[in-house]
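Overview (structure and organization)
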Amino acid sequence: SQPASRDLAQAARARLSLLGITDAQINHIEQTGQPDARVTLTAPDHGLVWELGARDGMAVMPGLTLFRLVNLGTVWVHAE
């Protein structure tokens with residue numbers, strides 16, 4: 001039963017990692033045995049919030065766009 005539990009824990013860790021949860025956050029969950037009510041997700045790149053589809057206290061559903069980021073690493077300007 002222990003190898004199965006270990007495999008399940010590794011699979012859960014991998015899924016959380018794919019969702020953008022950091023190793024420190026995953027370790028905290030493993031140590032406390034409790035998920036945090038709030039999770040901080042870090043964008044993979046610098047940019048601006050272009051669209052904000054969620055507000056504080058709002059219930060969210062799968063498929064809802066919470067926000068949309070715009071990467072300003074390269075900007076093209078056409079001017080006359």
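The structure under discussion appears in the preceding block.
Let me begin by describing the structure that accompanies this report.

The rules behind these values
Residues numbered from 1 in each chain as written. Predicted model: local features only at pLDDT ≥ 70, side-chain atom pairs only at ≥ 80, totals over all residues. Heavy atoms only, no water. Patch = residues over 30% accessible without salt bridge, like charges linked within 9 Å, V, L, I, M, F, W, Y side chains within 5 Å. Areas by Shrake-Rupley, 256 points an atom, 1.4 Å probe, with all protein chains shown as cover. Salt bridge = Lys/Arg side-chain N within 4 Å of Asp/Glu carboxyl O. Helix = DSSP H or I, 4+ residues; strand = E, 2+ residues; numbered from the N terminus. Buried < 20%, exposed > 50% of the residue type's maximum accessible area, 1.4 Å probe, protein only. Contact = heavy atoms within 4.5 Å.

1. So, a nonpolar patch on the surface
There is a patch of nonpolar side chains on the surface, built from Val49, Leu52, Met58, Val60, Leu64, Leu66, Phe67 and Leu69 and spanning about 690 Å² of accessible area. Taken together, the elements giving at least two residues each to the nonpolar patch come down to β1 (48-52) and β2 (67-70). In this fold, Leu66 is placed in the loop between β1 and β2. What makes Leu66 partly exposed here is its relative accessible area of 37%.

2. Digging into the side chain of Gln25
Inspection of the secondary structure assignment puts Gln25 in helix α2 (residues 23-32). Those residues within four positions of Gln25 in sequence are excluded, and the remaining contacts are Gly20, Val39 and Thr40.

3. Some thoughts on the pattern of salt bridges
Charged atoms that come close allow side chains of opposite charge to pair. Under the defined criterion, the tally for this structure stands at three salt bridges. With its nearest N and O atoms 3.8 Å apart, the salt bridge here joins Arg13 to Asp23. In this pair, Arg13 sits in helix α1 (residues 2-18) while Asp23 sits in helix α2, placing the two residues ten residues apart along the sequence. You can call Asp23 partly exposed: its relative accessible area is 49%. For the salt bridge of Arg68 with Glu51, the shortest nitrogen-to-oxygen distance reads 3.0 Å. Of the two residues, Arg68 sits in strand β2 while Glu51 sits in strand β1, which places them 17 residues apart along the sequence. For Arg68, a relative accessible area of 42% translates into the label partly exposed. Glu51 gets classed as partly exposed once you look at its relative accessible area, which sits at 32%. Each member of the salt-bridge network shares a partner with another, and the members are Arg13, Asp23 and Glu30.

4. Side note on the environment of His46
You can see His46 is positioned in the loop between α2 and β1. Judged by relative accessible area, which is 72%, His46 ranks as exposed. Other than its neighbours up to four places away in sequence, His46 contacts Val70, Asn71 and Leu72.

What is shown is where atoms sit, not what they do.
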